[in-house]
Amino acid sequence: MTTAHRVIAARRAIAALAAVSALLAVAACGGSASPAEGPRISPPPAAGAAGERTGVVWTSGLNTDGQLGRPGPSIDPRLAPVTGTGGEGRLGRVHAVAGGGRHSLAIVGGGEVVAWGAGDHGQLGDGTTRDRRVPVPVRAPDGDPGRLDDAVAVSANNDFSMALRRDGTVVTWGEGSSGQRGTGERTAPRVPTTVKAPDGRGPLTGVTAIAADGHTELALRRDGQVFAWGANDYGMVGDGTRTDRSLPVPVRGLNGSGHLSGAVRIAVAGQHGLALLRDGRVASWGHNDLGQLGDGSRRDRLTPALVSGVRGKGDLTGVAAIAAAEKHNYALRKDGTVVAWGNNTAGQLGDGTLELRTSPRVVVGPDADAKKLSGVAKVFAGEAYGAVILDDGTTLTWGAGGSGQLGSGKKGPRSRPGTVTAAGGTAPGEALSVGAGERHLILLASP
């Protein structure tokens, strides 16, 4: 690389980081005020959003399709570094990570997206349906011959991927049979495509955050409105119907009134959606067979309603971040504690039990006498497990672990948080972010 090229690359990276900071600031400010009283919460960066600090990527868990991005057995319960692009060294200079059903994503350098793992549904975005055991570049959308290199956030689930671009537009690739590509069609081109506006004319714009379920997808706009598209069997689009949507539609407001506004964070998974409001309350909608809506019932909701408080007392308040998985959810509160609700067959609620909870319960600490997990900075949700990063950069995991997805060095579940273990006695370093795949863990750590 010539000196001139190095200067250009450096300028692009600086510009990308400035854009990331601006987008995250906008998302934290949200839109119009929510109707209820209460302090406004400044949420931490969303899962999958690019941060200014970069790191290297470590993985553990199921590796049958190459989703760990490194050589090794089909199941590896210990964390080890992902191989770099080209098959050499370590994958470094990474700003963000995300995990799908059997694949993984990362944002590197100034915004380039790379992917690895299963590619049978085009979820790697490289124009093929081949599996990749080392990271490969994702192609630019809509037939552009270049690479997707201006991303500020990534999200993935099942056989689907999406990225938020610096200009506030959204790109999707992978499965499309339910309209989840957001193009007005139920097709799945092998190359990425741009999500269209609700009227199908031009792209959806002004987006500051994204969340992928793989069948139903969400986008948060800078005005605090939430848009959804894709499968809608259980009302997870939140528009008051059960009709699939191949173009984005606004999520309805609380109890079906108007449009949902004042959202600052979104999450979706397992046929239900969540939105964190500016006042620190949480709205939920969609399927509720295992109490994942957190309203104390097991009834589906076609439009958003508020999540109950701990043990069903009042409304849940003081929330700074949210995470959703297949049938359970987490809320990080501004005091550094975490609450959870929904399915708990593998201990994924982290409350020390295996009991289903239809309203939030407090996640306990790693020690037997610790009634509350505290000092939490970020929270993440996998299919039947959870992860947090503490204020000091420590990573803790809990829930299902039979595929090694807890990174604990063992293949087994645990119902309360515990530490992660790296292979060969090496240490991952300070954790920056986590990508929670279906049965694999992706840890972004400082070098």
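Because the structure is predicted, anything quoted here is derived from the model rather than measured.

Analysis parameters
Residues numbered from 1 in each chain as written. Predicted model: local features only at pLDDT ≥ 70, side-chain atom pairs only at ≥ 80, totals over all residues. Heavy atoms only, no water. Helix = DSSP H or I, 4+ residues; strand = E, 2+ residues; numbered from the N terminus. Rg over C-alpha atoms; globule rule 2.2 N^0.38 Å. Contact = heavy atoms within 4.5 Å. Areas by Shrake-Rupley, 256 points an atom, 1.4 Å probe, with all protein chains shown as cover. Phe/Tyr/Trp six-rings, centres within 6.5 Å; stacked < 30°, edge-to-face > 60°. Buried < 20%, exposed > 50% of the residue type's maximum accessible area, 1.4 Å probe, protein only. Pairing = 2+ DSSP bridges. Polar contact = N/O pair within 3.5 Å; in protein donor to acceptor, adjacent residues only side chain to side chain. Axes fitted to C-alpha atoms, helices over the stretch in contact; angles between N-to-C directions. pLDDT = per-residue confidence, 0-100. Salt bridge = Lys/Arg side-chain N within 4 Å of Asp/Glu carboxyl O.

Next up on the list: the overall build of the protein. For the protein, the helix and strand inventory stands at one helix and 28 strands. Compactness check: the protein gives a C-alpha radius of gyration of 20 Å against a globular reference of 22 Å for 447 residues, within 12% of the reference. Taken over the C-alpha atoms alone, the protein extends approximately 60 × 55 × 35 Å along its principal axes. Sequence separation of at least 24 residues holds for 52% of the intrachain contacts in the protein that already meet a minimum separation of 6. Put simply, the protein shows about 16100 Å² of open surface, and 49% of that area lies on carbon and sulfur atoms.

Summed over all chains, the structure comprises one aromatic pair. For the ring pair Tyr330 and Trp398, a centre distance of 5.5 Å and an interplane angle of 70° mean the geometry is edge-to-face. Placement of the pair is Tyr330 in strand S20 (residues 328–333) and Trp398 in strand S25 (residues 395–399), with a sequence separation of 68 residues. By relative accessible area, which is 0% here, Trp398 ends up buried.

Let us look at unusual backbone geometry. At Asp142, a residue that is not glycine, the phi angle is positive and equals roughly 60°. Residue placement: Asp142 occurs in the loop between strand S6 (132–137) and strand S7 (151–157). The residue Arg311 is not glycine, and still its phi comes out positive at about 60°. Counting through the fold element by element, Arg311 comes out in the loop between strand S18 (301–306) and strand S19 (319–324). Under the relative-accessibility criterion, Arg311 is labelled exposed at 57%.

Here we come to the pairing of S25. Most of S25 is tucked away: five of the five residues are buried. Here S25 shows a buried face lined by Thr395, Thr397 and Gly399 and a second buried face lined by Leu396 and Trp398. Across five bridges, strand S24 (residues 385–390) lies against S25 in antiparallel orientation. What sits directly across from Gly386, in S25, is Trp398. Following S24, the chain reverses through four residues before pairing antiparallel with S25; Gly393 in that reversal takes a positive phi of roughly 90°. Bridge analysis of S25 against strand S26 (residues 414–419) gives three bridges, and the strand direction is antiparallel. From the neighbouring strand, Gly399 faces S26, where its bridge partner is Arg414.

Moving on: the side chain of Arg132. Relative to the elements of secondary structure, Arg132 occurs in strand S6. The exposure class assigned to Arg132 is buried, which follows from its relative accessible area of 18%. Of note is the side chain of Arg132, whose polar atom sits 2.9 Å from the side chain of Asp126. Excluding residues that lie within four positions of it along the chain, Arg132 makes contacts with Asp65, Gly66, Trp116, Gly117, Leu124 and Asp126.

Looking now at the sheet that holds strand S17 (residues 282–286). Taken together, four strands build an open sheet; the order of strands is S15-S16-S17-S18 and the sheet is antiparallel. Each end of this open sheet is capped by a strand with a single partner; those strands are strand S15 (263–269) and S18. Each adjacent strand pair in this sheet contributes to an overall mean axis angle of 15°, direction not counted. Bridging between S15 and strand S16 (residues 272–277) involves six bridges; their strand directions are antiparallel. Residue Val268 lies in a different strand from S16, and its bridge partner there is Gly273.

This part is about the sheet that holds strand S3 (residues 94–99). Hydrogen bonding along the main chain pairs the strands of a sheet, whether they run parallel or antiparallel. In space, the four strands of this open sheet follow the order S3-S4-S5-S6, with antiparallel pairing throughout. Strand pairing shows two members of the sheet lacking a second neighbour, S3 and S6, which therefore form its edges. Recorded for the sheet is a direction-independent mean angle of 20° between the axes of neighbouring strands. Of the pairings in the sheet, the one linking strand S5 (residues 112–117) to S6 comprises three bridges and is antiparallel in character. When the bridges of S6 are listed, Val114 appears paired with Pro137.

Looking at the protein, pLDDT values average 91 and 91% of them are 70 or higher. A low-confidence stretch, residues 1–39 (pLDDT under 50), is modelled with 63 contacts involving residues beyond four sequence positions or located in other chains.

Another aspect to go through is the pattern of salt bridges. Throughout the structure, instances matching the rule amount to 17 salt bridges. The shortest N-O distance in the salt bridge between Asp279 and Arg281 comes to 2.9 Å. Accessibility expressed as a relative area gives 7% for Asp279, which makes it buried. On the basis of relative accessible area, Arg281 is assigned to the buried category, the value being 10%. One salt bridge connects Asp295 with Arg301, and the closest N-O pair in it is separated by 2.8 Å. Its relative accessible area of 27% is what places Arg301 among the partly exposed residues. Each of Asp65, Arg102, Asp120 and Asp159 takes part in a single network of salt bridges with overlapping partners.

Okay, the pairing of S5 next. With five of six residues buried, S5 lies mostly within the body of the structure. The hairpin turn running from strand S4 (residues 103–108) into S5, its antiparallel successor, is three residues long, and Gly109 in that turn takes a positive phi close to 55°.

Before going further, it helps to examine the environment of Thr241. With respect to the secondary-structure elements, Thr241 resides in the loop between strand S13 (226–230) and strand S14 (245–250). Considering only alpha carbons, one finds Thr241 and Val339, 98 residues apart in sequence, at a separation of 30 Å. When residues no more than four places from it in sequence are discounted, the contact partners of Thr241 are Asn232, Gly235 and Leu302. Within the structure, the side chain of Thr241 is placed 3.2 Å from the backbone nitrogen of Thr243, a separation counted as a polar contact.

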